[in-house]
Structure formats: structure tokens, C-alpha cells
Amino acid sequence: MKKCDVLIIGSGLAGMSLALHLAETRQVILLTKHELLDAASAWAQGGIAAVLARDDSTADHIHDTHIAGAGLCRDDAVRFVVEHGRRAIEWLIAQGVPFDRDAGNAEVLHLTREGGHSHRRIVHAADATGRAVQKTLVEKLKSHPNIEVIEHHIAIDLITGRKLGMKDNRCHGAYALDNKSGEVTTIGARFTALATGGAGKVYLYTTNPDIATGDGIAMGWRAGCHVANMEFIQFHPTCLYHPLAKSFLISEAVRGEGGLLRLPASHGGQRFMPWHDERAELAPRDIVARAIDFEMKKRGLDCVYLDITHKPADFLKSHFPNIHARCLELGIDMTREPIPVVPAAHYTCGGVVADLDGATDVPGLYAIGEVSCSGLHGANRLASNSLLECLVFSEAAAQHMAKQHTHDIPGLPEWDASRVTDADEEVIISHNWDELRRFMWDYVGIVRTNKRLERAQHRIQLLKSEINEYYANFRITNDLIELRNLVQTADLIVRCALERKESRGLHYSLDYPAILPEARDTVLSP
Ligand SMILES: Cc1cc2nc3c(=O)[nH]c(=O)nc-3n(C[C@H](O)[C@H](O)[C@H](O)COP(=O)(O)OP(=O)(O)OC[C@H]3O[C@@H](n4cnc5c(N)ncnc54)[C@H](O)[C@@H]3O)c2cc1C
């Protein structure tokens, strides 16, 4: 058994910044299932929102966040995050993150403006902010003597008092599978933090990296945490549709510069956004995503097309060098032909319920970043608030842990390794995975109905029992662990969606198209 003061599961921005905040005083283990940089955080393009401009104010950022959240954000969480914005950015600068500066004044950070923000307030490093941040933090982590980084290990489950037959349900660490050797390690910890990111891989189309399989949400739920607001999944309207292009975003700037959404040529090639909203292609993200979904479902289409061929080729090449190059690699010349696109699951607003210290209702267990439901996002996330959330709550959690008296780690049972039989039919895993992602897309996607949700729920129950039986009998693998978590997460999404009898923010139901006067969280009790 390995032991540490704090076990952090996940090496995105939440996990890395928590490790660095703790490392002066605590022995930390940072566990991650692939390599350190395999995280949504490294994929973030736009940047991080914070009130830094002279003409901006915390009141405005708070207001913008509430408007995006459709009345469901928790005011104390929003205030807490926004008021700590400047401090979080200063901390990143002190770590050495090379944010872009104003052309005329190197002392001043360059700020961009994004949809939903009333001011310029997005700090960025060109259009690859996440990578710049993560690379800087990796260097710090690797050289810190109090941080042990363990890559290629997937946490299987948390070890809690209840599972050990104790009176209280304190979390004492986790079991983790070494993805290379197949061995399971027991890691005992005084405090454990879930920093495992979101669950985009529940859906057929997603902008998220492969690691986003809802592991932390499922582990937290099984450990006895409350989980809330899982029905609020943010869909990005335009992800490249191509068999070889997994998760490539076609930025909203393409529509901003005049890109038009069209039906396929085989269906007449007409522009369809004006039929749905007077702002047409420039309508907000959720409206555009809903319109595309409507046209695709109504006509049985695989994708729609984003056409910007009316702009000069030189303009496109200079404004969208990355998109142009990536499309060309796949044989699509955006200067001459429309780009095939689909909406894709982008951000999980709900998650494991956590307070302003990042603490969950299981003692000793914290949830930070996209895995959590902190109250910041409500029914819809404001762009660039998520990286800020990771930074603010990681510092708060580190401070909270420092104030707690330390608990001894009890003797923990080793993982039951009696399941030595290799699975007889691995195909079950890949088949169930495909099936889950497809029916979640069709039945629990952008536009929902009771009937579709009930269909999905029925299928989830069948998959759950099949996977649980499989899990109980065969040697575990990375894919099996992820599939089990995906199905659990899908179940939580559907249960939350069925409980909400209105349309609010990202949850849109044809059976309940109106918004109710009172905004309420959907909280599931374990
Ligand atoms: C394409 C894209 C662009 C985005 N752009 C922006 C942006 O500009 N601004 C913004 O604010 N937000 C943006 N977001 C959202 C933002 O990137 C994420 O919300 C944020 O990075 C989440 O950070 P995190 O640390 O919570 O999780 P992640 O960064 O996803 O990290 C999760 C970590 O947990 C590990 N992990 C998961 N399960 C296990 C397990 N069982 N065992 C061990 N390790 C595990 C993973 O391997 C990974 O290291 C974007 C997201 C995407 C996908």
C-alpha cells in the first residue's frame, strides 16, 4: 500500500494547481490515467475569464455569469469565483505562464471578449491557452520533491469508511489500476481530491478528449456524494464531422466572419438558420446547436455544412490558419467547399456537489473543476469561466485541508485480485460503449422528450446489469472501468433530466417548453 497526505486524481488544471498549492506543506500523490497533459485543460483554446480591465467590474462579471446560468447559479459561488479571478491569474503569471500582452504595452495583459461577456476579460496565450498553462505547471510539478506523479494509473474506486464497515463514511484513498502492468495499487490518503474532469464521452459526438468518461462523478456517487444538475450538458454547435477527425472544433469565429449553415447539397443545400432565429448563424450557441439538431433529426442527416467559400481564400487562410490546415489534411478545402459539421457535447455543468472549499459531503473527499457542481455555472456555463473555477477552488481546497486536523490512515484491504479470468468476449465492451454513446446522442441530446428519456433509461438499466455482471466476474481493464463509469454517468444525466419539468438553460424539453418561475437545482441523493 502507498500512503500520502493528499491523493489527487486527475492532472488537468484543477489537479495540477491543487498539487502545487499543497506541496509546500504536504506529501502529494498526483494520479492520472494517461500522461500528464492528456486532459481537457490542455485543449482549452480561448482563455480564462477575470476582471482585469479598467472599465470592467466584478459586478458585471457576476451579472454576466448569472445571465448565462439562466437563474440557477448560486450567488455565493459566483461571487467567490469572480472576486478571486485576479488573484488566480496573478498566481499563474507567478508560475511563469506566458500570457499575451498588449502590443503597445508589455506590462498590460491582452484581453479578448467572448460571447456572453459584457467586457474584454479573457486572458489568453494566443489560441492555445490551455496548453501554455499546463506545460508551465508540468515543469513545476515534476521538479517538486513533495509531489509524486503517477501516470498511466486509472482510479477504480474510492475507499470509504462505509465500504470498510466503519461507522463514519470518511474517504481514505482509492484503488488504482496500472494500465501497463495490470496490477492494482491501494493508495491510502488523509485527504482525497477528485479532479477528473467532465463526461463528454457519454455522447457520440464530443469536443472532449478521450479521458472525459465521467469517472470522478461515478466514483463520487458510489462513495455516497450528492450529485446535481447533470441534465445541463453544453453542446458546441460546430464540431468537424469526419471519420478521421475526432473532436476537432470549428470555432464560432467562422460564423462570426460570415460562415453560413446549410443543408447537404443532396437536400437542396439551403441555408436553414433564418428559419429558426432572426439572428440566424449569429444566434447564441444553444439556439444554433438546437437548430442543427432539429434539421438533422427531422431529415435523418449525418451532418450539416458550414459554408464560408464566399470569403476570399487569403482572408480564410490568414484568419483561420489552424482550421484551414486541419481541414485540408482531411481533404476538405474550406476556401472552395463547405465544412461538414455536427454539434458536440462540450461541457458538463453538473457533477459532484461541492461547497466553497471544494469539499463534498463525504468527509475527507473534495471535488474540484469540471467534475464538481460548485454552483458557479447553474443551467449554462459562461465561456472561459471553467478554467477560472479550477484555479479558485483548488486554492480554496488547499487552504481548507491545511486547517483540518490530520486523520490517521487506517489499514486498508488490498484489492481483491481473485478475478483473474480474462474476459471471454472483449467485444461486449466496445459494443456497449458504441451503443451507449449513440442512444445518449439520439435520446438525451440537445432536444429531449419524456419518451426519449424513458427509452434511454430502459437501455441504461440493461447495460448496467450486463456491465455489473461483467465487472464482478472478469479481470478489470481500463476500458471496462471507463464503460462502467460512463453508464453510471449516463444514468445520472437521464435521472436529472427526467426530474426537471421545464426548459431552462441547456435543458430543453418538448414536453415542458416553458421555464418555471422558481429556479431549483436537481439534486440526486445517493
Ligand atoms: C476543446 C475545448 C476547448 C475549451 N476551451 C476552454 C476555454 O477556452 N476556457 C475555459 O475556461 N474552458 C474551456 N474548456 C473547458 C475546460 O477546458 C475544462 O472545463 C477544464 O479544463 C476542466 O479541467 P479539469 O482539471 O476539471 O479536468 P481535465 O482538464 O479534463 O482533467 C481531468 C484529468 O483527470 C484524469 N482522470 C480522469 N479520470 C481518471 C481516473 N479514473 N483515474 C486517474 N485519472 C483520471 C484525466 O486523465 C485528466 O488528467 C474547453 C474544453 C474543450 C474540450
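Right above here is the structure, for reference.
Note that this is a predicted model, so its numbers are computed, not measured.

Conventions used here
- Residues numbered from 1 in each chain as written.
- Predicted model: local features only at pLDDT ≥ 70, side-chain atom pairs only at ≥ 80, totals over all residues.
- Heavy atoms only, no water.
- Axes fitted to C-alpha atoms, helices over the stretch in contact; angles between N-to-C directions.
- Helix = DSSP H or I, 4+ residues; strand = E, 2+ residues; numbered from the N terminus.
- Parallel < 35°, antiparallel > 145°, perpendicular 65-115°, else oblique.
- Contact = heavy atoms within 4.5 Å.
- Nonpolar A, V, L, I, M, F, W, Y, C, P; charged D, E, K, R; others polar.
- Near = heavy atom within 4 Å.
- Polar contact = N/O pair within 3.5 Å; in protein donor to acceptor, adjacent residues only side chain to side chain.
- Areas by Shrake-Rupley, 256 points an atom, 1.4 Å probe, with all protein chains shown as cover.

### Side note on the packing of helix α6 (residues 215-223) against helix α14 (residues 478-499)
- Interhelical geometry of α6 versus α14 gives an angle of 75 degrees and a closest axis separation of 8 Å. When the axis of α6 is compared with that of α14, the two are roughly perpendicular. The residues of α14 that touch α6, namely those facing Asp215, Ile217, Ala218, Trp221 and Arg222, are Glu482, Arg484, Asn485, Gln488, Thr489, Leu492 and Arg495.
- Here the contact of α6 with α14 is built from residues that sort into four nonpolar, three polar and five charged.

### Regarding the side chain of Arg500
- Structurally, the position occupied by Arg500 is in the loop between α14 and β18 (523-524).
- What Arg500 contacts, discounting residues up to four positions off in sequence, is Leu72, Asn229, Glu231, Phe232, His507, Tyr512, Arg520, Asp521 and Thr522.

### Details of the site of the ligand
- With respect to spatial proximity, 40 residues lie near the ligand, and among them Ser41, Gly47, Asp215, Glu370 and Ser386 are the closest.
- Asp215 is positioned such that a nitrogen or oxygen atom in its side chain is 2.8 Å from a nitrogen atom of the ligand.
- Arg381 has a polar side-chain atom sitting 3.3 Å from a nitrogen atom of the ligand.
- Taking 1,000 Å² as the accessible area of the ligand by itself, protein coverage stands at 97%.
- Contributing elements (two or more residues each) for the shell around the ligand: α1 (13-22), β7 (153-160), α6, β14 (339-348) and α11 (385-403).
- At four residues, the largest contribution of residues to the shell around the ligand is made by α11.
- Grouping the constituent residues of the shell around the ligand by class yields 17 nonpolar, 18 polar and five charged.

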